[in-house]
Amino acid sequence: MDETCPTCGKDGYRNPALAVDAAALRHTNSGMELLLIRRGREPWKGSLAFPGGFVDEGEDPEVAVLRELAEETGVIGHDPRLVTVRGDPERDPRKHIVSILYRVTIPDDSTPVAGDDAAAAEFHLLDDVDGAELAGDHGQMLENLRDSL
């Protein structure tokens, strides 16, 4: 067992990082639309993905997903509801990252604007989104989202 550092009080355990992703859906005359970003950074630069990012120390994941949605898309969401948790240690090439996907309620008249590390942010008809085109394991997350609707 690793000991606690006498200076900072942290233990020596190497824990995975925690991330959150937002499945923000809206209803239009064309059908249900899903808000996706185009990644502006590696890994998967240029690929479509759910808006999201890392949970800050001391932050509740439900607060983090709303913050990340706003930072990456300018869209204000509320009422996050758990869809799935992905935790395969090999799911991200940077390190072991566990991600929580939340379905987030947004206004139907939301207009996204790319921000933070998103190169673009736009709505896509949910029925037209091809999971194989999404970054990392976001295609599997998309299937979990579809199953939850």
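From a predicted model like this one, the values you see are computed outputs, not experimental measurements.

A. Region of interest: the environment of leucine 125. Positionally, leucine 125 belongs in strand β7 (residues 118-125). Considered as a pair, leucine 125 and proline 61 are 64 residues apart in the sequence and their alpha carbons are 27 Å apart. Setting aside chain neighbours within four positions, we find leucine 125 in contact with Ser30, Gly31, Met32 and Glu33.

B. Quick peek at helix α2 (residues 138-148). Those residues of α2 lying buried are His138, Gly139, Met141, Leu142 and Leu145. Seen end-on, α2 carries its buried residues on one side only, within an arc spanning 155°. Its buried side turned inward, α2 meets β1 (17-28), β2 (31-39), β3 (48-49), β5 (78-86) and β6 (97-105).

C. Structural context of the pattern of salt bridges. For the structure on display, the rule yields 10 salt bridges. Between aspartate 137 and arginine 86 there is a salt bridge, and its shortest N-O distance comes to 3.5 Å. With aspartate 137 in the loop between β7 and α2 and arginine 86 in strand β5, this pair connects stretches of sequence that are 51 residues apart. Overlapping salt bridges, with partners in common, bring together Asp56, Glu59, Arg67, Glu68 and Glu71 in one network.

D. Region of interest: the pairing of β2. The pairing of β1 with β2 spans four bridges and is antiparallel. Residue pairing for β2: leucine 25 is matched across the bridge by leucine 34. As consecutive antiparallel partners, β1 and β2 are separated by two residues. By the bridge criterion, seven bridges tie β2 to β7 in an arrangement that is antiparallel. Looking across to β7, one finds that glutamate 33 is bridged to leucine 125. Where β2 and β3 come together, two bridges link them in antiparallel fashion. Note on β3: the bridge partner recorded for arginine 38 is leucine 48.

What counts and what doesn't
- Residues numbered from 1 in each chain as written.
- Predicted model: local features only at pLDDT ≥ 70, side-chain atom pairs only at ≥ 80, totals over all residues.
- Heavy atoms only, no water.
- Helix = DSSP H or I, 4+ residues; strand = E, 2+ residues; numbered from the N terminus.
- Contact = heavy atoms within 4.5 Å.
- Buried < 20%, exposed > 50% of the residue type's maximum accessible area, 1.4 Å probe, protein only.
- Arc of directions from axis to C-beta.
- Salt bridge = Lys/Arg side-chain N within 4 Å of Asp/Glu carboxyl O.
- Pairing = 2+ DSSP bridges.

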